[in-house]
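Spelled out, the chains give:
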Amino acid sequence: MQDLASLRRDKLTAIISKAHAKLQAVLVSEGIDPAVARAIAAVRVYQLLPLSIRQKMTTAETSIATRMATIFKGVSTATIEGLETIEEE
């Protein structure tokens, strides 16, 4: 038997999946390629998530962007040997 956290996650996943499918269907019905519609719908579903989730995503994105900027700078100035020492995310 699943625990409450798993049941909640499954329910939220189903709700998000259904919203995504509905948005994608609208885009496809308007002549948008299904792959492109899937990507656009994903962005739009993200915008519909509760603020608390979006804030956590923003915090994570900021942290990742800062780390990636450091990595990019290191890669752009590294020697061949130096490239081996740069850690990837």
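Undergrad: So what's going on with the packing of helix H1 (residues 4-29) against helix H2 (residues 34-48)? Residues and values would help.
TA: Put simply, H1 and H2 touch, their axes get as near as 8 Å, and they point 130° apart. In terms of their interaxial angle, H1 and H2 are classed as oblique. Between H1 and H2 the crossing geometry is right-handed. Along the contact surface, H1 presents Ile 16, Ala 19, His 20, Leu 23, Gln 24, Leu 27 and Val 28, while H2 presents Pro 34, Ala 37, Arg 38, Ile 40, Ala 41, Ala 42, Arg 44, Val 45 and Leu 48.

Undergrad: I'd like a rundown of H1, residues and numbers included.
TA: Helical geometry note: an α-helix holds 3.6 residues per turn, so side chains three or four residues apart project in the same direction. Between its first and last C-alpha, H1 extends 37 Å over 26 residues, near the 38 Å set by a 1.5 Å rise per residue. Taken together, the buried positions of H1 are occupied by Ser 6, His 20 and Gln 24. Where H1 is buried, its residues meet H2. Two residues or fewer after H1 comes Gly 31, characterised by a positive phi angle close to 95°.

Undergrad: Describe the environment of Ile 64, and please don't skip the residues or the numbers.
TA: With respect to the helices, strands and loops of the structure, Ile 64 is situated in helix H3 (residues 51-77). Measuring from C-alpha to C-alpha, the distance between Ile 64 and Ala 19 comes to 28 Å, with 45 residues separating the pair along the chain.

Undergrad: Residues and numbers for the side chain of His 20, please.
TA: Topologically, His 20 is positioned in helix H1. A polar atom in the side chain of His 20 sits 3.0 Å from the backbone oxygen of Arg 38. When residues no more than four places from it in sequence are discounted, the contact partners of His 20 are Arg 38, Ala 41, Ala 42 and Val 45.

Undergrad: Please give an account of a nonpolar patch on the surface that cites residues and values.
TA: A cluster of nonpolar side chains, Leu 12, Ile 15 and Ile 16, forms an exposed patch at the surface whose accessible area comes to about 270 Å². Take Ile 15: it is sitting in helix H1.

Undergrad: I'd love a proper account of the environment of Leu 23, names of residues and values included.
TA: Secondary-structure assignment places Leu 23 in helix H1. A relative accessible area of 29% means that Leu 23 is categorised as partly exposed. Between the C-alpha atoms of Leu 23 and Ala 42, which are 19 residues apart in sequence, the distance is 8.6 Å. When neighbours within four sequence positions are excluded, Leu 23 is seen to be in contact with Ala 41, Arg 44, Val 45 and Leu 48.

What counts as what
Residues numbered from 1 in each chain as written. Predicted model: local features only at pLDDT ≥ 70, side-chain atom pairs only at ≥ 80, totals over all residues. Heavy atoms only, no water. Axes fitted to C-alpha atoms, helices over the stretch in contact; angles between N-to-C directions. Helix = DSSP H or I, 4+ residues; strand = E, 2+ residues; numbered from the N terminus. Parallel < 35°, antiparallel > 145°, perpendicular 65-115°, else oblique. Left-handed = near helix turned anticlockwise from the far one by under 90°. Contact = heavy atoms within 4.5 Å. Expected span 1.5 Å × (residues − 1). Buried < 20%, exposed > 50% of the residue type's maximum accessible area, 1.4 Å probe, protein only. Polar contact = N/O pair within 3.5 Å; in protein donor to acceptor, adjacent residues only side chain to side chain. Patch = residues over 30% accessible without salt bridge, like charges linked within 9 Å, V, L, I, M, F, W, Y side chains within 5 Å. Areas by Shrake-Rupley, 256 points an atom, 1.4 Å probe, with all protein chains shown as cover. Salt bridge = Lys/Arg side-chain N within 4 Å of Asp/Glu carboxyl O.

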